[in-house]
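# Summary of structural features
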Amino acid sequence: MRQIWITKAGPPEVLQVKDAPDPEPKAGEVRIRVEASGINFADILGRIGIYPDLPSIPCVPGYEVAGRVEALGQGVDTGWAGRDVFALTRFGAYADVICVPLAQVFERPGGMSAGEAAAIPVNYFTAWQLCVVMGALKRGETALIHSVGGGVGIAATQIAKHIGATVIGTASAAKHAEMRAHGVDHLIDYRTEDFEARTREITKGRGVELILDPVGGASWKKGYRVLAPTGRLGVFGISAAASGKERSIAGMLSMLAGTPWLQFNPLALMNANKGVFGVNLGHMWGEGERLRGWGAELLDLWRHGVIKPKIAATFRFDEAAQAHHFIQDRKNIGKVLLVP
Ligand SMILES: NC(=O)c1ccc[n+]([C@@H]2O[C@H](COP(=O)([O-])OP(=O)(O)OC[C@H]3O[C@@H](n4cnc5c(N)ncnc54)[C@H](OP(=O)(O)O)[C@@H]3O)[C@@H](O)[C@H]2O)c1
């Protein structure tokens, strides 16, 4: 098999394709011949060397694949042989073959391409947990979605619009026209505008009921201030720490210095009628049954045309460095995929 390794912490060029013998599925696992792997921002944080969950470098990153089951481990129902599937993987997804526990594997409905399927697990499960499971977004409420042009942002927009919420999104200016066409009601170029002031202006001073914030640091502080009574702030990333293409202690410290360590204390939350919650899909491995339930609901929405992954670009394995540059240069609108 071929895998893409993070050979050392550093710029995108540290990603290298290497050959290895095909793995054998263990009991309860299936081996998938991969047709597409999803790239996530966490892979970039891992490559830079600031993602604590990543196995020690050198390693093969990647949280999701789509492809076809080509071998079964002991105890797996033979009906799985040859099925088109997608899967959540605990790293190792930047590969053309991978063995995955069956609990993390989902059958692909007919008509769903491998590219679309590889774009579902991380982005849509995360957006579902944020908007529906923990954010409890309701019709008539307003959601502020940061990085709205990214994979999670577009997934969350589709879910929020389906619920009947108004969506305010932050994104680099070049993405605004396309994101408007995707249903975002109001767009803010947070790199040139103050998103807190603009959100107040858009909501006529009221604020928003839900915020999805993967930026971190001072962004959380401003977001908390702009929550309406009963508002919920969902924190789920620290992209502000990736200030460049290599690890920057200054970038990390600036993110940590801006973090509102004391603002979210229980008394403040109680008296302001506000909530703060965290989401890390990569720490949900023990919740397999729940994830299966979310997967079933999401696939139902896909069948009804409510959700539709948007693929920004597809890169070959030997172009993995370009793929990471593409995301870090803020060019993607939607999901970036790797194909063997
Ligand atoms: N906790 C979880 O379970 C979980 C799961 C999935 C993703 N996440 C987090 O959610 C965020 C978005 O992930 P994604 O996979 O949807 O992203 P993505 O598709 O890779 O999009 C990345 C976008 O983030 C924006 N961005 C913000 N700060 C950036 C920075 N410092 N460097 C480069 N781009 C930056 C850029 O868009 P603009 O320039 O338009 O803002 C960029 O195009 C990331 O922080 C990620 O770690 C968390």
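Residues numbered from 1 in each chain as written. Predicted model: local features only at pLDDT ≥ 70, side-chain atom pairs only at ≥ 80, totals over all residues. Heavy atoms only, no water.

Here we come to the overall build of the chain. A tally of regular secondary structure across the chain gives 11 helices and 15 strands. Its C-alpha atoms give the chain a radius of gyration of 20 Å, near enough to 20 Å, the size a compact globule of 340 residues would have. Overall size of the chain, expressed as C-alpha extent along the three principal axes, is 60 × 45 × 40 Å. Residue burial in the chain is summarised as follows: out of 340 residues, 56% are buried. Excluding contacts between residues fewer than 6 apart, the proportion of contacts in the chain whose partners are at least 24 apart in sequence is 69%. Here the chain displays about 14,100 Å² of accessible surface, and carbon together with sulfur accounts for 54% of that area. The centroid of the 37 positive side-chain charges in the chain is displaced by 5 Å from the centroid of its 33 negative side-chain charges. (Helix = DSSP H or I, 4+ residues; strand = E, 2+ residues; numbered from the N terminus. Rg over C-alpha atoms; globule rule 2.2 N^0.38 Å. Buried < 20%, exposed > 50% of the residue type's maximum accessible area, 1.4 Å probe, protein only. Contact = heavy atoms within 4.5 Å. Areas by Shrake-Rupley, 256 points an atom, 1.4 Å probe, with all protein chains shown as cover. Lys, Arg positive; Asp, Glu negative; His and termini not counted. Charge placed at Lys NZ, Arg CZ, Asp CG, Glu CD.)

An order of 10-9-8-11-12-13 is seen for the 6 strands of this open sheet, with the pairing classed as parallel. Strands with a single pairing partner mark the edges of an open sheet, and in this sheet they are strand 10 (186-188) and strand 13 (275-278). Going across the sheet, the axis of each strand differs from the next one's by a mean of 15 degrees, ignoring polarity. The pairing of strand 9 (residues 166-170) with strand 10 spans 3 bridges and is classified as parallel. The residue bridging glycine 169 from the neighbouring strand is leucine 187, located in strand 10. Across the sheet, helix 3 (residues 121-134) is in contact with strand 11 (208-213), strand 12 (227-235) and strand 13; its angle to strand 11 comes to roughly 155 degrees. Here helix 6 (residues 195-202) sits on the sheet and contacts strand 8 (142-145), strand 9, strand 10 and strand 11; the angle it forms with strand 10, its principal contact strand, is near 160 degrees. (Pairing = 2+ DSSP bridges. Axes fitted to C-alpha atoms, helices over the stretch in contact; angles between N-to-C directions.)

This part is about the site of the ligand. Taken together, 25 residues sit near the ligand, with Ser172, Lys175, Tyr190, Leu281 and Asn332 positioned nearest. Measuring from an oxygen atom of the ligand, one finds a side-chain N or O atom of arginine 330 at 3.0 Å. When isolated, the ligand has an accessible area of 910 Å², and the protein chains bury 93% of it. Counting only elements with at least two residues in the shell around the ligand, the list comes to helix 3, helix 4 (151-163) and helix 11 (320-328). The greatest single-element share of the shell around the ligand, amounting to 3 residues, is contributed by helix 3. Looking at the shell around the ligand residue by residue, the classes come out as 11 nonpolar, 12 polar and 2 charged. (Near = heavy atom within 4 Å. Polar contact = N/O pair within 3.5 Å; in protein donor to acceptor, adjacent residues only side chain to side chain. Nonpolar A, V, L, I, M, F, W, Y, C, P; charged D, E, K, R; others polar.)

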